[in-house]
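A structural walkthrough
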Amino acid sequence: MTTINRKKLKELSMREEHRFVAEHPRSAELYARAKNSLLGGVPMNWMKKWAGAFPIFVAHAKGAHFTDVDGREYVDLCLGDTGAMTGHSPEVVAEAIAKRVRGGITLMLPTEDSLWVGEELKRRFGLPFWQFALTATDANRFAIRIAREITQRSKVLVYNYCYHGTVDESFATVNEGVVGPRRGNIGPPVSPAETTRVIEFNDLNALEDALKHHDVAVVLAEPAMTNVGIILPDAGYWQAARELTRRYGALLIADETHTICAGPGGCTREWKLEPDFVVFGKPIGSGIPGSTYGVSDEVAQRITARIHLEDCDVGGIGGTLAGNALSLAAMRVTLEKVLTAAAFEKMIPLAKRFNEGVAGAIRERALPWNVIQLGARAEYHFTKKPPRNGGESAAAADFELERFLHLHALNRGVLLTPFHNMALMSPATTEADVDLHTEIFARAVTELFG
Ligand SMILES: Cc1ncc(COP(=O)(O)O)c(C=O)c1O
């Protein structure tokens, strides 16, 4: 089996670090200045974690490309970690939101756009009733609250190494059956063992064992895991899992925030899933903050029976700006004109092309790596076979190797999704963009193993 020469990896990483610093003087200058006013020199703490000594500062982004403040151009395969899956600033979106901005941004009253969006979401996902929030995190939090309220159960079940935003209950991992805070969990309000059951994905026995306690209000799941590499469900997994959740009285949230890449109605539609809730955020408004959660008829009836008009503003489901006119205008134009069925027909073959390019380089060197596609998204892992669960995938992570590959690509004009090896296609991405990545990836592999 091909092993990594760590000394060589270090030398190559150093070379890339030097090149990065030399080629980004203006970003370096802005980062030095930012340290005087922004905690850690960045507006959001994880922006420090990008490969390279400092983050590159962006000047302009359009479609699948952006330019940094040093005038360097990039193919963007990260696309704001899905927030810009539409491509950056589509013209139709810019026009629609400019019009809305001039006609009122937020009112705490509905606009007609909300109806159009609700009807379209119903058509795409099959769930009849929809609500809006500002982030996918909030949509998940609200769905969890509702699930707890209507089931009168306390626990949330999640998969090991999942990510659903900054939802407290989801920052838990399981090790040899013991649930604890995920590494890096900052100031958990209570031990997640009190709020959460954690199991490995693709393990139906573990799911049934967890549900047998009859305290799980809801299973919060991505139909395919996407945040610890892409992990696909085994054939028949979701049908059996759904049967189990129903048997033990637990509800199911399909968090389609990333898996919307599978098609216009996400995996819910592609795989004929029957969740009680669907959550969808990030690209729903082309990057204008907004998210949604849909509920089944049964959940809607149970909510109506328990949540009373007098209390509905202080019940923990809120957000003054949620459902605002701008969010809804952005969602409408995005769903009507950008993330259309025709767009997916273009994006999905591009992810296939990405997949084939990476697979070719892996095959040529007989590397013990693999690459997986899910709709318009693809990702490579440092394991011979695709991992079946979060524990396996997390164990195969290689921070040093990943950083090298990301920085090597960045220095040659390609931005990958940080913290794993993921690429996403937008309607504006081209075959040439994908081929540039293939060429660079093959070069990195040759340098490392040649
Ligand atoms: C599957 C999934 N759900 C929810 C979220 C949270 O999204 P946001 O950070 O926009 O709240 C993320 C973020 O990466 C995600 O990957």
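Refer to the structure presented above.
Now for a description of the structure that goes with this document. No experiment lies behind these values; they were computed from the predicted model shown.

1. Here we look at the sheet that holds strand β4 (residues 129-133)
Overall, mixed pairing links the seven strands, which are arranged β4-β12-β11-β10-β9-β5-β8 in an open sheet. The sheet is open, and its two edges are formed by β4 and β8 (196-199), each paired on a single side. Looking at each pair of strands side by side, their axes are set apart by 20 degrees on average, direction ignored. Relative to strand β10 (residues 251-255), strand β9 (residues 216-221) runs parallel, the two sharing four bridges. Residue pairing for β10: Val218 is matched across the bridge by Leu251. Against the sheet, helix α7 (residues 204-211) touches β5 (155-159), β8 and β9, its axis set at about 165 degrees to β8. Across the sheet, helix α10 (residues 297-306) touches β4, β10, β11 (277-280) and β12 (291-295), and the angle it forms with β12 is around 95 degrees.

2. So, the sheet that holds strand β3 (residues 73-76)
Pairing within the open sheet is mixed, and its four strands lie in the order β1-β2-β3-β15. On the outer flanks of this sheet lie β1 (58-62) and β15 (414-415), each paired with one strand and no other. With three bridges connecting them, strand β2 (residues 65-68) and β3 associate as antiparallel partners. Looking across to β3, one finds that Thr67 is bridged to Glu73.

3. Points about the site of the ligand
Contacts to the ligand come from 13 residues, most closely from Thr137, Asn227, Asp255, His258 and Lys282. Between Asp255 and the ligand, the recorded distance is 2.6 Å, taken from a side-chain N or O atom to a nitrogen atom. Within the side chain of His258, one N or O atom sits 3.2 Å away from an oxygen atom of the ligand. Calculation on the ligand without its partners gives an accessible area of 390 Å², and the protein chains cover 85% of this total. For the shell around the ligand, the leading source of residues is helix α5 (residues 136-151), giving three residues.

4. Focus: unusual backbone geometry
Positive phi is not limited to glycine here, since Met108 has a value of about 60 degrees. Positionally, Met108 belongs in the loop between α3 (91-102) and α4 (112-125). With relative accessibility at 70%, the residue Met108 sits in the exposed group. If you check the backbone angles, Phe419 has positive phi at about 75 degrees while not being a glycine. Note on placement: Phe419 falls in the loop between β15 and β16 (422-424).

5. Looking at empty space enclosed by the protein
Enumeration according to the criterion identifies three cavities of 30 Å³ or more in this entry. One number sums up the size of the largest cavity: a volume of about 130 Å³. Contributing to the lining of the largest cavity are 14 residues, with Trp50, Ala51, His406, Pro418 and Phe419 lying nearest its centre. If you list the elements that add at least two residues to the lining of the largest cavity, you get α14 (399-411) and β15. If you tally residues by element for the lining of the largest cavity, the top one is α14, at six residues. A breakdown of the residues in the lining of the largest cavity according to their chemical character gives ten nonpolar, one polar and three charged. Volume-wise, the second largest cavity comes out at about 50 Å³. Around the second largest cavity, the lining residues are Ala221, Glu222, Pro223, Trp238, Leu252, Ile253, Ala254, Leu273 and Pro275. Looking at the lining of the second largest cavity, its residues break down into eight nonpolar, no polar and one charged.

6. Some words on the packing of aromatic side chains
In the structure shown here, the tally under the stated rule is 17 aromatic pairs. When the centroid spacing of 6.1 Å and the interplanar angle of 50 degrees are considered together, the rings of Phe201 and Trp238 count as tilted. Residue Phe201 is found in the loop between β8 and α7, and its partner Trp238 is found in helix α8 (residues 237-247); the two are separated by 37 residues along the sequence. The residues Phe201 and Trp238 share a single accessibility class, namely buried.

Analysis parameters
Residues numbered from 1 in each chain as written. Predicted model: local features only at pLDDT ≥ 70, side-chain atom pairs only at ≥ 80, totals over all residues. Heavy atoms only, no water. Pairing = 2+ DSSP bridges. Helix = DSSP H or I, 4+ residues; strand = E, 2+ residues; numbered from the N terminus. Axes fitted to C-alpha atoms, helices over the stretch in contact; angles between N-to-C directions. Contact = heavy atoms within 4.5 Å. Near = heavy atom within 4 Å. Polar contact = N/O pair within 3.5 Å; in protein donor to acceptor, adjacent residues only side chain to side chain. Areas by Shrake-Rupley, 256 points an atom, 1.4 Å probe, with all protein chains shown as cover. Buried < 20%, exposed > 50% of the residue type's maximum accessible area, 1.4 Å probe, protein only. 1 Å grid on protein atoms, 1.4 Å probe; cavity = no way out; pocket = protein on both sides within 12 Å on 5 of 7 lines; lining within 4 Å. Points joined across faces, edges and corners; volume = space filled by probe spheres on them. Nonpolar A, V, L, I, M, F, W, Y, C, P; charged D, E, K, R; others polar. Phe/Tyr/Trp six-rings, centres within 6.5 Å; stacked < 30°, edge-to-face > 60°.

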